[in-house]
Every structure is written in structure tokens, then in C-alpha cells.
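# Chain and residue survey
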Amino acid sequence: MKNKTIVTLIISLAVSSVLLFALHFFLFHDLHHIAIYTVHDLAFLPVEVLIVSLFLHGIIESDQKKQMMEKMNIAIGMFFSDGGTELLKMITGLDKGSEGISRHLQINPNWKRDNFRDAAQAIEQYEGNLQASMPSLKELETFLSAKRDTVMRLLENPNLMEHEYFTDLLWAVFHLAEELIARHGLSELPENDLKHVAIDIMRVYRLLLREWLKYMKHLQKQYPYLFSMAVRTNPLNKNAEVIFK
């Protein structure tokens, strides 16, 4: 049906062109004039095709990029809604120096671009002071075990292949889950092994902070009502409350 429509359109345009040339000759009886402008138009046709092609390609590429970004942000939103925010809260609880980064992440509706920029810089410079106890590691293992399928589904999402940092976060979370699960119930671990696990947790922590901040910025711009909820459940704000007072 689609091909038939295209063929009909082509034939209609060709017939229209012939009829218009015939009308021109009937009115002015000047084949020389028709020939000159026909050759002129044909000579410029490749340039016209090039200009139109580049213009349309730019529009289509821009539209596709917007659609891809929207799909990526939906997937990122699913991650934080389905456990990413809770994971950030749990790891923040293991960070004895969390106040050092929390004060830079007291996000509110009045935040501007400069506030987000300063917060991003603070995250990049933050070292953290993780102190994981055996009970906290077991709690983390239980939580991540329940979220492994979600992480795997997100890693299989082709749209996220274009988002390098978020993909790094997913792999870091998946690796941490594997490390904890492989320790068979997390019985007493030697000091060196605890330090190794702490490095894996810190990797997730830093990536989580970075992507959560970007996600909050996106929500503020695109979905103010979701941003309001996210601010009231800020895992870096000990005084955050869902209920309005």
C-alpha cells in the first residue's frame, strides 16, 4: 500500500511537470526559453538534493537523539525508583564522613545550574570514609541479591550503551553484588578482604552520587512533580520528609 502511494505520487508529479511545460509552450511558443531553464534547473538539482538531504538528516538525527535520551532517562529513572535511591541511602549510612558530601547535596526547588555544577565538583573531589561492618555487608548483600535481575535487564537495554557513565554504574553494582554473594553468607572476613570489598563499595558510591545528581537535574527540568518527590526523599538529607508540613 505504501509503495503504491509513492508510485502514484511520482507519476502525478511527473504528469504535472509535463502539463506545466506544455502550458508554457502554448502561451509563449518559446522552446528555447524552456530548454534554457530546464537545463539550468537540472544543473542545480544535485545541489538542491544535497541541501535538502543534509537539512532532513539533521532534523531526523536530532529527533532520534532526543528520543534516545528520553528512553535512557526513563531507564535511569526506573533504576533509582526500583532501588538505586535506597542503595545510595544504605551506602551513605556506611560513610562515616558523609556529612562532608551531604552538605553539598541539600537539593531544593530553587537550585540553579551553578548549584548543580558545584555539587558535581564536590562529588568528584570526595574521598569518603567507608566503614563496613559484617551486619551492614549482609544487609547490602540481601538487598543487591534481590536487585540483580533489575540490573541485568538494564544492562541489556541497547539505549543505555550510549550512556557510558550509567553503564559503568550498573557494572559496578553488578560486580559488588557478585563479590558479596560469592562470600557465602559473609562469615567473618579478614581485614584485607574487608578493604577489598570497601573499594568495590566506594566505586559504586561515587558513581551513584554522580548519576543521582544528574538524574535530579533532569527531573527538575522535565518533571517538576517527580523532582518534588525526589527532593523530599533525598537520601543525603537526614531531615528530608515526604509529608508536607
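These lines cover the structure that appears in this document, whether it is placed above or below. On a predicted model such as this, the values are computed, not experimentally measured, just so you know.

## Remarks on a nonpolar patch on the surface
Together, Leu-20, Leu-23, Phe-26, Leu-27 and Phe-28 give the surface a local cluster of nonpolar side chains, amounting to about 580 Å² of exposed area. Tracing the backbone through its elements, the reader meets Phe-26 in helix 1 (residues 2-28).

## Focus on the pattern of salt bridges
Going through the model one piece at a time under the given rule, you end up with nine salt bridges. In this structure, the salt-bridge partner of Asp-82 is Lys-147, at a minimum N-O distance of 3.5 Å. Remark: Lys-147 occurs in helix 5 (residues 134-155) and Asp-82 occurs in helix 2 (residues 31-94); sequence separation between them is 65 residues. One salt bridge in this structure joins Glu-124 and Arg-210, with 3.1 Å as the shortest N-O distance. Here Glu-124 is found in helix 4 (residues 113-125), whereas its partner Arg-210 is found in helix 7 (residues 191-222), with 86 residues between them in sequence. The class of Glu-124 is partly exposed, set by a relative accessible area of 45%.

## Quick notes on the environment of Ser-145
When you line up the elements, Ser-145 lands in helix 5. For Ser-145, a relative accessible area of 33% puts it in the partly exposed group. Measuring from C-alpha to C-alpha, the distance between Ser-145 and Ile-181 comes to 7.4 Å, with 36 residues separating the pair along the chain. Engagement of the side chain of Ser-145 in a polar contact is seen with the backbone oxygen of Glu-141, the distance being 2.8 Å.

Quick notes on the rules
- Residues numbered from 1 in each chain as written.
- Predicted model: local features only at pLDDT ≥ 70, side-chain atom pairs only at ≥ 80, totals over all residues.
- Heavy atoms only, no water.
- Patch = residues over 30% accessible without salt bridge, like charges linked within 9 Å, V, L, I, M, F, W, Y side chains within 5 Å.
- Areas by Shrake-Rupley, 256 points an atom, 1.4 Å probe, with all protein chains shown as cover.
- Salt bridge = Lys/Arg side-chain N within 4 Å of Asp/Glu carboxyl O.
- Helix = DSSP H or I, 4+ residues; strand = E, 2+ residues; numbered from the N terminus.
- Buried < 20%, exposed > 50% of the residue type's maximum accessible area, 1.4 Å probe, protein only.
- Polar contact = N/O pair within 3.5 Å; in protein donor to acceptor, adjacent residues only side chain to side chain.

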